[in-house]
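Architecture and fold: a report
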Amino acid sequence: MKSLRQPTLETLGLGTVHEIFQRGRLPVTAAELVDQIFGESGNRGAVVISGANGIVGAGKTMQLGSRLLPFGVPIIGLDLPGAPDGIGGQYQGLVNSFGRKRADEVMAKITRLYYDGQNLPPEIEGYRPRFLLEAIPEILDIKKAHYEVFRRAFPEIQIRSVTSGFPSAELGVGIAHPAFPHQINKIWEIVETEVSPVTKLFWSLGLVPIPVTDHWSFVLDVLFCGLTLAGLRYHRASNMPFWKIDKFIRKLMGPNPFRAHDAIGAKGANFLTWSCLHHLGKKYGALFVPTPELDERKESGQNWYPPDHFRPLVDWTMDNDEEETFRSWVLGPVIQMTSLMLHEKRSHLSHLNIIGELCAQFRRGVLAFVRDVGPDAAVRAVESYHRLHPEAADSGWYPDVFALIEGQEWQQLYVNAEHDGSVGVITIGRESYSGDVDTELNRAIDWLLAESIDRVIVTGDFHLSTQMVGADTSEFFPALTQEEKGLEISGRWSQTARRLHDEFRVSVGHINGKRCLGGFLELLMHCHYLVSTEGAALGMPEVTLPVVPGMEGCHWPFRKARAEDWPKLLNLLLSGEPVSAEEAVGWLIDFAGPTEDSLQMTWKIAAAGDQEAISRRNVRAEALSGIPTDIGLPAAGNPATEAARKAIMDCIQESCRASLPEALAVQSKHSAAFMSSRFCREGFIGTEGARIMNV
């Protein structure tokens, strides 16, 4: 086996994606791990979540309870008497996600017990706890005493803490630190001496465990608390109000750190951020020391934002020099903190990069950002910050780490490639397609071709990307006012997609997540074959945004489908409604089945070609005629949707009437023209772009 870089799946002790296809099955199953951890069916021990009525505890009670429901694992929610009913507050979210019947079933499996903080309730013994997830307050002595109580009662119990900042070495237990919002975000930063069955169980349940090293505050909170601190230091330097600093940080990097504290609950969030920075400051120095504003709000729990009606009275603008100073105050410390984490080797580089996106709302991971600006500019940004805050120069600054930026681990943060000398596998570890993904995908293709690999599988990475939601719409912001930018994106991304069709003897797209939409579906349909696990939702939601599909979705699938199936494609494009993978077989994809069947079919096609598997649907290069112009959709009742339907239909008709070589430019022209139209600017992408970029 050869690979461009280490697959992130290997960090979980689960092998490679190539091995998954070669074996035709997943490396572990939830059923076998539940048996191993909790005992056999009918005699299972329990999961205990302590602090179950808190924000974290209640969210994780719901998340684990809903996933373990089919396996009959008892869920115990343990808390102090008088604690607010956090578990009950999660019920409506369960109903919204699963329906009332399933929500009631989940709640029925949760047993609530109360204790005095020192002695466990006697009835807990009957549930034979096997796993404790601790979510009590961030006070070290209280946590340690809590573990001792459980170990005395249940010597074999496995314990994980959800702590935001304390290392495992301080706590004496492993760590499973979840990202906010706790009931839906699937990311867990994991600290343990070796990969445990619990971590593998999380993965098998569809969660996303990410191993990190045992350092203070792990990765997420160094980035998020560090960014908050950068905003606080800028406030002290400029007196700009927090809500306005948020807007400039959002424009620059993506997150709203102060709004996030208020949304989580300022009283608890302020304390957690202060605690992380306080301990980081003790360990590393002035780079992390909290400001007086945070010291004060840690005690008061005061929100950072004033009421809405006060904000317009204190609006603020910046000239170019002020904006450059702002960048130094914000980017400098974030890049410096990143250098520290790289120096400590806190995580696989792809992990360190993606945590900022999936957990802290960075538009681009911090490593992708640094890679783009280059090592010299990154160092200059930190040096500029040190001129503003000289004390930070004395600790936690490791500029030499950026010398490795040209290595494959840095260059392939989102896309990896593996091969066994015959069949290659390209894995994409980002849920939305972006310019970074496009560039890395081209490098992966180049590498496989240079290795003389002409058979390839293209898929998600079975770890960081549990779905493929389409294009990263923030990439389109420049195209809202500059049509040539839209033309460039559509043309470049479509050319990349065509490489999967033109440059390999056999290419197979494999959909392994719960949905594949928009640009990602367009990408994978360029493969000679497209295979999906059953139940996956496939769709082209561009009409709802509204935009015109820009990666050849308006003509490529028509060239592969029978004429009698063209109305189905039109409905997919013009309604925006998804279809299940099973419904799409024969006209959009080539096979759908249970996980193992889809893996085995994908490998069979890639390894043996179409002689022993399924027939290849060829792409017709000539102009098509007879595409219907009306499929009888009811009126949308929305002028923007009607305009998008017309624009998409025009693109379908003209690009299908063109030959295959001509069609790429035709569809790019239509996509770019609509993106710069009034309807797109007033739609979701346009309003989001204005909200973020027009500060």
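Just above, that's the structure.
To start, this report covers the structure provided alongside it. Treat the numbers as computed from the prediction; the structure is a model and nothing was measured.

**Brief notes about the overall build of the chain**
Counting its regular elements, the chain contains 29 helices and 20 strands. A compact globule built from 695 residues would reach a C-alpha radius of gyration of about 26 Å, and the chain, at 26 Å, matches this within 12%. Seen through its C-alpha atoms, the chain measures out along the principal axes to roughly 75 × 65 × 55 Å. Considering the chain as a whole, with its 695 residues, one finds that 60% of them fall into the buried category.

**Brief notes about the state of the cysteines**
Under the definition given, this model contains zero disulfides. Cys 651 forms no disulfide, and the closest cysteine sulfur to it belongs to Cys 554, at a distance of 3.8 Å. Cysteine Cys 680 is unpaired, with the sulfur of Cys 651 as its nearest cysteine sulfur at 14 Å.

**Topic: the sheet that holds strand S8 (residues 187-191)**
Taking strand neighbours across the sheet as the criterion, the eight strands line up as S4-S3-S2-S5-S6-S7-S8-S9 in an open arrangement whose pairing is mixed. Looking at which strands have only one partner, the edges of the open sheet turn out to be strand S4 (110-114) and strand S9 (208-211). When strand polarity is set aside, the average angle formed by the axes of neighbouring strands in this sheet is 25°.

**Focus on helix H9 (residues 220-238)**
Counted at 1.5 Å a residue, the expected span for H9 with its 19 residues is 27 Å, and the 27 Å between its end C-alpha atoms agrees. Among the 19 residues of H9, 16 are classified as buried, and the element is accordingly described as predominantly covered. Once H9 finishes, Asn 239 follows within two positions and takes phi at roughly 65°, a positive value.

**Focus on the sheet that holds strand S17 (residues 529-533)**
Ordered by their spatial adjacency, seven strands build an open sheet running S1-S10-S11-S13-S15-S17-S20, and the pairing between neighbours is mixed. Looking along the sheet, the strands with just one partner apiece sit at the ends: strand S1 (2-3) and strand S20 (591-593). Sheet topology note: the strand S15 (residues 506-511)/S17 ladder contains four bridges and is parallel. Within S17, the residue paired with Val 508 across the bridge is Tyr 529.

**What about the layout of surface pockets?**
Here the second largest pocket defines a volume of roughly 920 Å³. As for the second largest pocket, its lining consists of 30 residues, and the residues nearest its centre are Arg 363, Arg 364, Phe 369, Asp 372 and Glu 475. Those elements giving two or more residues to the lining of the second largest pocket turn out to be helix H10 (242-252), helix H14 (320-343), helix H16 (366-373), helix H19 (435-450) and helix H20 (483-502). Considering every element that reaches the lining of the second largest pocket, the biggest residue donor is H19, with five residues. Each residue belonging to the lining of the second largest pocket can be placed in one class, and the counts come to eleven nonpolar, four polar and 15 charged.

**A closer look at a negative patch on the surface**
There is a patch of like negative charges on the surface, built from Glu 534, Glu 582, Glu 583, Glu 596 and Asp 597. Mapped by element, the contributors of at least two residues to the negative patch are helix H24 (581-584) and helix H25 (595-608). Position of Glu 534 relative to the elements: it lies in the loop between S17 and strand S18 (537-539). On the accessibility criterion, Glu 534 (43% relative accessible area) is partly exposed.

**Examining the environment of Val 289**
With respect to the helices, strands and loops of the structure, Val 289 is situated in the loop between helix H12 (266-284) and helix H13 (292-300). By relative accessible area, Val 289 is classed as partly exposed at 38%. With ten residues separating them along the chain, Val 289 and His 279 place their C-alpha atoms 8.4 Å apart. When neighbours within four sequence positions are excluded, Val 289 is seen to be in contact with Leu 229, Arg 233 and Gly 281.

**Details of the packing of aromatic side chains**
By the definition in use, this model includes 18 aromatic pairs. On the numbers, 5.8 Å between centres and 50° between planes, the contact of Tyr 284 with Phe 288 is tilted. In terms of burial, Tyr 284 and Phe 288 fall into one category: buried. Centroid distance Phe 402 to Trp 410: 6.3 Å. Interplanar angle 70°. Geometry classified as edge-to-face. Considered together, Phe 402 and Trp 410 belong to a single accessibility category, that of buried residues.

**Here we look at unusual backbone geometry**
Cis rather than trans, the peptide bond between Phe 180 and Pro 181 has omega equal to -5°. Looking at the element boundaries, Pro 181 is found in the loop between strand S7 (174-178) and S8. Residue Leu 545 is joined to Pro 546 through a cis peptide bond whose omega torsion reads -10°. With a phi close to 45°, Arg 128 is a non-glycine residue in the positive phi region. Within the element layout of this structure, Arg 128 appears in the loop between S4 and strand S5 (129-134). Of note, the phi angle at Lys 345 is positive, near 55°, even though the residue is not glycine. When you line up the elements, Lys 345 lands in the loop between H14 and helix H15 (349-360). Exposure remark for Lys 345: the relative accessible area of 64% places this residue in the exposed category.

**Quick word on the pairing of S7**
The buried count for S7 comes to five of five residues, which makes it a mostly enclosed element. Of the two faces of S7, the one lined by Gly 174, Ala 176 and Pro 178 and the one lined by Ile 175 and His 177 are each fully buried. Relative to S8, S7 is paired through four bridges, and the arrangement is antiparallel. If you follow Pro 178 over to S8, its bridge partner there is Trp 188.

**Considerations on a nonpolar patch on the surface**
A contiguous nonpolar surface patch, about 310 Å² in accessible area, is contributed by Phe 310, Leu 313 and Val 314. Along the chain, Val 314 falls in the loop between H13 and H14.

**Thoughts on the pattern of salt bridges**
Scanning all chains against the criterion turns up 31 salt bridges. Across the pair Glu 105 and Lys 101 runs a salt bridge, and its minimum N-O distance is 2.8 Å. Within this pair, Glu 105 and its partner Lys 101 are both found in helix H5 (residues 100-108), separated by four residues, close to a single helical turn. What makes Glu 105 partly exposed here is its relative accessible area of 33%.

The rules behind these values
- Residues numbered from 1 in each chain as written.
- Predicted model: local features only at pLDDT ≥ 70, side-chain atom pairs only at ≥ 80, totals over all residues.
- Heavy atoms only, no water.
- Helix = DSSP H or I, 4+ residues; strand = E, 2+ residues; numbered from the N terminus.
- Rg over C-alpha atoms; globule rule 2.2 N^0.38 Å.
- Buried < 20%, exposed > 50% of the residue type's maximum accessible area, 1.4 Å probe, protein only.
- Disulfide = S-S within 2.5 Å.
- Pairing = 2+ DSSP bridges.
- Axes fitted to C-alpha atoms, helices over the stretch in contact; angles between N-to-C directions.
- Expected span 1.5 Å × (residues − 1).
- 1 Å grid on protein atoms, 1.4 Å probe; cavity = no way out; pocket = protein on both sides within 12 Å on 5 of 7 lines; lining within 4 Å.
- Points joined across faces, edges and corners; volume = space filled by probe spheres on them.
- Nonpolar A, V, L, I, M, F, W, Y, C, P; charged D, E, K, R; others polar.
- Patch = residues over 30% accessible without salt bridge, like charges linked within 9 Å, V, L, I, M, F, W, Y side chains within 5 Å.
- Areas by Shrake-Rupley, 256 points an atom, 1.4 Å probe, with all protein chains shown as cover.
- Salt bridge = Lys/Arg side-chain N within 4 Å of Asp/Glu carboxyl O.
- Lys, Arg positive; Asp, Glu negative; His and termini not counted.
- Charge placed at Lys NZ, Arg CZ, Asp CG, Glu CD.
- Contact = heavy atoms within 4.5 Å.
- Phe/Tyr/Trp six-rings, centres within 6.5 Å; stacked < 30°, edge-to-face > 60°.

By themselves these figures say nothing about function.
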